[in-house]
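Here is how the chains run, residue by residue.
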Amino acid sequence: MPIVVTTVEDLYEVEVTPPHGDGRPWRSKPLELRALIDALLARGCHPTDIGDALFAADPNWESRL
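Below, the structure is looked at part by part. Model, not experiment: these values are computed from the prediction. (Residues numbered from 1 in each chain as written. Predicted model: local features only at pLDDT ≥ 70, side-chain atom pairs only at ≥ 80, totals over all residues. Heavy atoms only, no water.)

This paragraph deals with the sheet that holds strand β3 (residues 26-27). Strand order in the open sheet made by the three strands is β1-β2-β3, with antiparallel pairing throughout. Each having just a single partner strand, β1 (3-8) and β3 make up the two edges of the open sheet. Sheet topology note: the strand β2 (residues 11-16)/β3 ladder contains two bridges and is antiparallel. Residue pairing for β3: Val 16 is matched across the bridge by Trp 26. The strands that helix α1 (residues 33-42) touches are β1, β2 and β3; relative to β2, the one it contacts most, it runs at about 20 degrees. Here helix α2 (residues 47-57) sits on the sheet and contacts β1 and β2; the angle it forms with β1, its principal contact strand, is near 40 degrees. (Pairing = 2+ DSSP bridges. Helix = DSSP H or I, 4+ residues; strand = E, 2+ residues; numbered from the N terminus. Contact = heavy atoms within 4.5 Å. Axes fitted to C-alpha atoms, helices over the stretch in contact; angles between N-to-C directions.)

Structure below.
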């Protein structure tokens, strides 16, 4: 999966590889959920792909918004 999210306590980290994002690899520092989503959207990631990656890491992610 080109967008891989991992949980770090109450925060989330992400690694994005092409073709997602702006076509360049990117790895975040630990971020709050909303900040992570905003960063992924700013890099051009599709909302469905973001949701799928978040669900794979944390099936209850939507309740944390």
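Before going further, it helps to examine α1. Residues of α1 that are buried include every one of Leu 33, Leu 36, Ile 37, Ala 39 and Leu 40, and no others. Angular distribution of buried residues about the axis of α1 spans 160 degrees; they occupy a single face of the element. Buried-residue contacts for α1 involve β1, β2, β3 and α2. Remark: Gly 44 follows α1 within two positions and exhibits a positive phi of approximately 90 degrees. (Buried < 20%, exposed > 50% of the residue type's maximum accessible area, 1.4 Å probe, protein only. Arc of directions from axis to C-beta.)

Bringing the pattern of salt bridges into the picture now. One pass over the full model with this rule turns up three salt bridges. With a shortest N-O distance of 3.0 Å, Arg 27 and Glu 15 are connected by a salt bridge. One end of the pair, Arg 27, is in strand β3; the other, Glu 15, is in strand β2, with twelve residues separating them in the sequence. Of the residues examined, Arg 27 reaches a relative accessible area of 55% and is grouped as exposed. For the salt bridge of Arg 64 with Asp 58, the shortest nitrogen-to-oxygen distance reads 2.6 Å. (Salt bridge = Lys/Arg side-chain N within 4 Å of Asp/Glu carboxyl O.)

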